Amino acid sequence: MNIKEFFELSAGKWFSHRTSHHLAFKQSESGKSDIIIEMVAVDHPEVIKLCEQNEIDPKRASCGARVTWKGTMQWDEEDHKGSTVLVPVPNPDNPNEGKLLREMGYAEKMPVAGSYKIGDDEALTLITEYETMWSEERLWFASPNLRMRVGVLKRFGGFSMASFTSEIRMGGTVPAKASEAANSASS
């Protein structure tokens, strides 16, 4: 599976359940979200703008996706919602690795460029370095309609949070473009 196929297989509406472990405070909390992932054409103005902000030729982008979320966390009554555009830019020498451009970062709410790698097991690993922290996420499909994610967030010389997330596709329909990728992910 390549990065574009991974994104195409991820397209759709998902129910997400996350458990986060705040290591410094020795506390856990859970959260629930609805996530919508939509494919965006590589010639879309937002994709082009994000590439240009990162001084990357937009023609190198393999695809684009808009991720929108709305959810709650156990200890926080506030609704968490937002949207960001993601653009993977494969390495010309190895298309299973490259940069992942984000309109808005996960740990810090600002544009950020991280890196991605798709392993032989078809899991996607994302690494993002921010000014004050570093994050690593690993995503994989247990089946075409069940996606798993683990993540760690490291600040100031130590791990501060670890999380596990399960995401279930709502409606159970795999996008038509991703049917081949779905079949290989479940093999």
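Here, the structure is the one placed above.
So, here's what we can say about the structure. (Residues numbered from 1 in each chain as written. Predicted model: local features only at pLDDT ≥ 70, side-chain atom pairs only at ≥ 80, totals over all residues. Heavy atoms only, no water.)

## Some thoughts on the nonpolar core
Here is a general trend for soluble globular proteins: nonpolar side chains tend to be buried in one another's company.
And then number 1: Ranked by size, the top nonpolar core spans 19 residues in total, and within it Phe 6, Phe 7 and Leu 124 carry the most contacts.
And then number 2: Setting aside residues up to four positions removed in sequence, Phe 7 forms contacts with Met 39, Cys 63, Ala 65, Leu 86, Pro 88 and Leu 100.
And then number 3: Val 47, Val 85, Val 89 and Leu 101 belong to the second largest nonpolar core, which has 10 residues in total. (Core = buried A, V, L, I, M, F, W, Y, C linked by side-chain atoms within 4.5 Å. Buried < 20%, exposed > 50% of the residue type's maximum accessible area, 1.4 Å probe, protein only. Contact = heavy atoms within 4.5 Å.)

## Considerations on the pattern of salt bridges
And then number 1: Scanning the entire structure with this criterion turns up six salt bridges.
And then number 2: In this structure, Lys 117 and Glu 97 form a salt bridge, with 3.9 Å as the shortest nitrogen-oxygen distance. Residue Lys 117 is found in strand 6 (residues 112-118), and its partner Glu 97 is found in strand 5 (residues 94-102); the two are separated by 20 residues along the sequence.
And then number 3: What emerges from the salt-bridge pattern is a single network uniting Glu 137, Arg 147, Arg 149 and Glu 167. (Salt bridge = Lys/Arg side-chain N within 4 Å of Asp/Glu carboxyl O. Helix = DSSP H or I, 4+ residues; strand = E, 2+ residues; numbered from the N terminus.)

## Things to note about the environment of Gly 12
And then number 1: One can find Gly 12 in strand 1 (residues 12-22).
And then number 2: Overall, the relative accessible area of 25% leaves Gly 12 in the partly exposed class.
And then number 3: As a C-alpha pair, Gly 12 and Ile 37 span 25 residues in sequence and 5.3 Å in three-dimensional space.

## A look at the side chain of Thr 128
And then number 1: By the element assignment, Thr 128 lies in strand 7 (residues 124-129).
And then number 2: Excluding its chain neighbours within four sequence positions, the residues that come into contact with Thr 128 are Arg 102, Val 112, Gly 114, Met 133, Trp 134 and Ser 135.

## Some thoughts on the pairing of strand 7
Working note: regular strand, side chains alternate between the two faces of the sheet.
And then number 1: Pairing between strand 6 and strand 7: four bridges, direction antiparallel. Following the sheet pairing, Ile 118 is matched in strand 7 by Leu 124.
And then number 2: As paired strands, strand 7 and strand 8 (residues 133-143) are joined by six bridges and run antiparallel to one another. Along strand 8, the bridge assignment pairs Glu 129 with Trp 134.
And then number 3: The hairpin turn running from strand 7 into strand 8, its antiparallel successor, is three residues long. (Pairing = 2+ DSSP bridges.)

All quantities given are derived from atomic positions and should not be read as evidence of function.
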